[in-house]
Amino acid sequence: MQVLIHRDSKPWQFQVWASFLIAVFLCAVGLSYLPGQDLDRAFMIMGYFFCLSAAFVLAKYVRDQEKAEAENKLTETPMFRFVVWGGFFLAMSLTGWGLWRMEVNETYKAFLGVSWLYLITCSFTLAKTLRDKHEADLNEARLAGQALRNTDAE
């Protein structure tokens, strides 16, 4: 019996990485040329990093939850669920609040806001693509190990 393992195509992987890198570049440009006080710039940079890391943690948490439920295993504790979702919403809320209250041109705020949301969506897509690749690698290694054990048993 042949087992099929789904892998993302090279063009898809390229598109995911290119989108993520473009989002990082746009955010970096927007934040590096941010007019105003250094404290505002530092707040926004920390907010963007907080949002980015929270998005990756949330993506991993959701994927782990799906896998655990599919295998009828115990899922994470309710407190961890609260920490993950709370951290994500706190990061997004505080960064949005910081962007809203900044005294800069509305067009500049729009650029920062759109590039920030683009970064977050690209990070979810990148996390999924990396996780899919990892799972495909694990499945291939398992199949190779089983095939090796089967040939040794003969």
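That block above? That's the structure.
To start, this report covers the structure provided alongside it. Here the residue numbers are simple positions, counted from 1 along each chain's written sequence. Given that the model is predicted, a residue must reach a pLDDT of at least 70 before its local features are reported, and side-chain atom pairs must reach 80 or more before they are shown or counted; all residues, however, enter totals for whole chains, interfaces and linings. Calculation of side-chain values draws on the structure's entire complement of heavy atoms; hydrogens and water are dropped beforehand.

Remarks on the pattern of salt bridges
- Here, a salt bridge means any side-chain nitrogen of Lys or Arg that lies within 4 Å of a carboxyl oxygen of Asp or Glu. Under the definition given, this model contains 13 salt bridges.
- A salt bridge links Asp-137 to Arg-7; the shortest N-O distance between them is 2.5 Å. Here the residue Asp-137 occupies a position in helix α4 (residues 106-153), and Arg-7 occupies one in the segment before α1 (10-32), the gap between them amounting to 130 residues.
- Exposure classes here rest on a 1.4 Å probe applied to the protein chains alone. A residue is buried below 20% of its type maximum, exposed above 50%, and partly exposed in between. Classification of Arg-7 by relative accessible area gives partly exposed; the value is 35%. Runs of E in the DSSP output that reach at least two residues are strands. Runs of H or I that reach at least four are helices, and both are numbered from the N terminus.

Some points on the packing of aromatic side chains
- Centres within 6.5 Å make a pair out of two Phe, Tyr or Trp rings, where for Trp the six-membered ring is used; the pair is then stacked when the planes are under 30 degrees apart, edge-to-face when over 60, and tilted otherwise. Applying the stated criterion across every chain yields a total of eight aromatic pairs.
- Taking the centre distance of 5.7 Å and the plane angle of 65° together, the rings of Phe-88 and Phe-89 count as edge-to-face.
- A relative accessible area of 9% means that Phe-88 is categorised as buried.
- Over the ring of Trp-97 we find Arg-101; its NZ or CZ atom is 5.5 Å from the centre of that ring. Here, a charge over a ring means that NZ of Lys or CZ of Arg falls within 6 Å of the ring centre while also lying within 35 degrees of the ring normal.

Focus: the packing of helix α2 (residues 38-70) against helix α3 (residues 78-101)
- Axes here mean lines fitted to C-alpha atoms, for a helix over just the part in contact, with angles spanning 0 to 180 degrees between N-to-C directions. Contact pair α2 / α3: the axes reach a minimum separation of 8 Å and the direction vectors enclose 150°. Judged on the interaxial angle alone, α3 and α2 are roughly antiparallel. The two elements α2 and α3 meet at a crossing, and its hand is left-handed.
- Among the residues making up the contact of α2 with α3, the classes are represented as 21 nonpolar, five polar and three charged. In this scheme, roughly parallel covers angles under 35 degrees and roughly antiparallel covers those over 145, while 65 to 115 is roughly perpendicular and the rest are oblique. Each crossing gets its handedness from the near helix: less than a right angle anticlockwise from the far helix is left-handed, clockwise is right-handed. The classification used treats Ala, Val, Leu, Ile, Met, Phe, Trp, Tyr, Cys and Pro as nonpolar, Asp, Glu, Lys and Arg as charged, and all other residues, Gly among them, as polar.

Things to note about the side chain of Thr-129
- Along the chain, the position of Thr-129 falls in helix α4.
- Setting aside chain neighbours within four positions, we find Thr-129 in contact with Asp-8, Trp-12, Gln-13 and Val-16. What makes two residues a contact is simply this: any of their non-hydrogen atoms within 4.5 Å.

Comments concerning unusual backbone geometry
- The backbone of Asn-72 shows a phi angle near 55°, a positive value even though the residue is not glycine.
- For Asn-72, the position within the fold is in the loop between α2 and α3.
- By relative accessible area, which is 73% here, Asn-72 ends up exposed.

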